[in-house]
Amino acid sequence: MKRLSPLIVASSALLLSACATHDYVKEAVAPVQTSVDSLGARVQAQDEGLKALDGRVQGSESRLQVLEQEAAARAQAANNLPKPPGLLMSTVLSDDKVKFSSGRAQLTEQAGRELDDLVAKLKADNQPVYIEIQGHTDSTGSDAGNQQLGLQRAEAVRQYLARAGLPLVRMATISYGKTAPLADNSTREGRSANRRVQLIVMR
């Protein structure tokens, strides 16, 4: 039998050893490579998530800027609105001053003097005002009748003030009838107090 050369034997051994080492390295590296690939995929997914989040943040910032601009525009518009009227004074013309008889709307001379004093104050102030003239009654009579009577009393005051020089367009009348009493309608004094006209002067 022919012997193998020692050199051939040594070469074969080296080749077998190299193959074994290569297989071992491949087996050892394969799981690591899989982990690296998985980690890379997760990093890429996180990058995409961050980009999407950044897009939402930018969208929210843009929306916030729009809302701030709208709020500023509303505030500016509110500042440009005319201010609501403020109460300047309130005067009550009741039986003590005006002597409204039950069921009547005529003004007495005493009532005229009270209204003249009011007109003088407003003219001396020389400022535009708005006057609401409220008519009230006691509880005697029907609801509809008292509503009409309250309006007649308020209108009598309005016409007097207009003749004294106050502009009609800056006065308004309203009747509360018997719905807003100041005192108890079961007494004569209470009914007398409830027959009144109240003037609300606003600026």
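Right, let's walk through the structure included here. (Residues numbered from 1 in each chain as written. Predicted model: local features only at pLDDT ≥ 70, side-chain atom pairs only at ≥ 80, totals over all residues. Heavy atoms only, no water.)

1. Considerations on the overall build of the protein chain
Secondary structure summary: the protein chain contains four helices and four strands in total. Helices and strands in the protein chain line up, N terminus first, as α-β-α-β-α-β-α-β. Within the protein chain, buried positions represent 22% of all 203 residues. Partitioning the intrachain contacts of the protein chain with sequence separation of at least 6 by distance along the chain shows that 74% fall at a separation of at least 24. Of the roughly 14,000 Å² that the protein chain leaves accessible, carbon and sulfur atoms contribute 57%. (Helix = DSSP H or I, 4+ residues; strand = E, 2+ residues; numbered from the N terminus. Buried < 20%, exposed > 50% of the residue type's maximum accessible area, 1.4 Å probe, protein only. Contact = heavy atoms within 4.5 Å. Areas by Shrake-Rupley, 256 points an atom, 1.4 Å probe, with all protein chains shown as cover.)

2. Here's the deal with the pattern of salt bridges
Where charged atoms of side chains with opposite charge meet at close range, the side chains can pair. Across all of its chains, the model carries four salt bridges by this definition. Arg 203 is the salt-bridge partner of Asp 125, the closest N and O atoms lying 2.0 Å from each other. Placement of Asp 125 in helix α2 (residues 109-125) and of Arg 203 in the segment after β4 (196-202) is noted, with a sequence separation of 78 residues between them. Judged by relative accessible area, Arg 203 falls into the partly exposed class, the value being 40%. Between Arg 195 and Asp 138 there is a salt bridge, with the nearest N and O atoms lying 2.8 Å from each other. Of this pair, Arg 195 sits in the loop between α4 (188-194) and β4 while Asp 138 sits in the loop between β2 (130-136) and α3 (143-163), placing them 57 residues apart in sequence. On the accessibility criterion, Asp 138 (3% relative accessible area) is buried. (Salt bridge = Lys/Arg side-chain N within 4 Å of Asp/Glu carboxyl O.)

3. Some details on the nonpolar core
Core analysis: the largest hydrophobic core is formed by 15 residues, its most contacted members being Leu 122, Ile 131, Ile 133, Val 157, Leu 161, Leu 166 and Leu 199. Of all elements in the fold, only α2, β2, α3 and β4 reach the threshold of two or more residues within this core. Ranked by residue count, the leading element in this core is α2, at four residues. For Ile 133, the contacting residues outside a window of four places in its chain are Ala 154, Val 157, Arg 158, Leu 161, Met 171, Ala 172, Thr 173, Ile 174, Val 197, Gln 198 and Leu 199. (Core = buried A, V, L, I, M, F, W, Y, C linked by side-chain atoms within 4.5 Å.)

4. Examining the pairing of β2
Burial of β2 is extensive: five of the seven residues sit out of reach of the surface. As paired elements, β2 and β4 share seven bridges and run antiparallel to each other. By the bridge assignment for β4, Glu 132 is matched with Ile 200. Two elements, β2 and strand β3 (residues 171-177), share six bridges in a ladder whose sense is parallel. (Pairing = 2+ DSSP bridges.)

5. Section: unusual backbone geometry
Leaving glycine aside, a negative phi is the common case for residues, and trans is the common case for peptide bonds. Notably, Asn 126 is not glycine yet its phi reads approximately 55°, a positive angle. Looking at the secondary structure, you find Asn 126 in the loop between α2 and β2.

6. Thoughts on α3
Each α-helix turn comprises 3.6 residues. Residues three or four places apart therefore point the same way. Compared with the 30 Å implied by 1.5 Å per residue over 21 residues, the 31 Å span of α3 between its first and last C-alpha is a close match. Within the sequence span of α3, burial applies to Asn 146, Leu 149, Gly 150, Arg 153, Ala 154, Val 157, Arg 158 and Leu 161. Residue Gly 165 follows α3 closely and has a positive phi angle near 115°. (Expected span 1.5 Å × (residues − 1).)

7. What to know about α2
Here α2 contains 17 residues, and its C-alpha end-to-end distance of 25 Å stays within 8% of the 24 Å for a straight helix at 1.5 Å per residue. Buried within α2 we find Ala 111, Gly 112, Leu 115, Leu 118, Val 119 and Leu 122. Buried residues in α2, looked at end-on, bunch into an arc of 125°, giving them a common side. Facing away from the buried side of α2 by more than 90 degrees, the exposed set consists of Glu 109, Lys 121 and Ala 124. (Arc of directions from axis to C-beta.)

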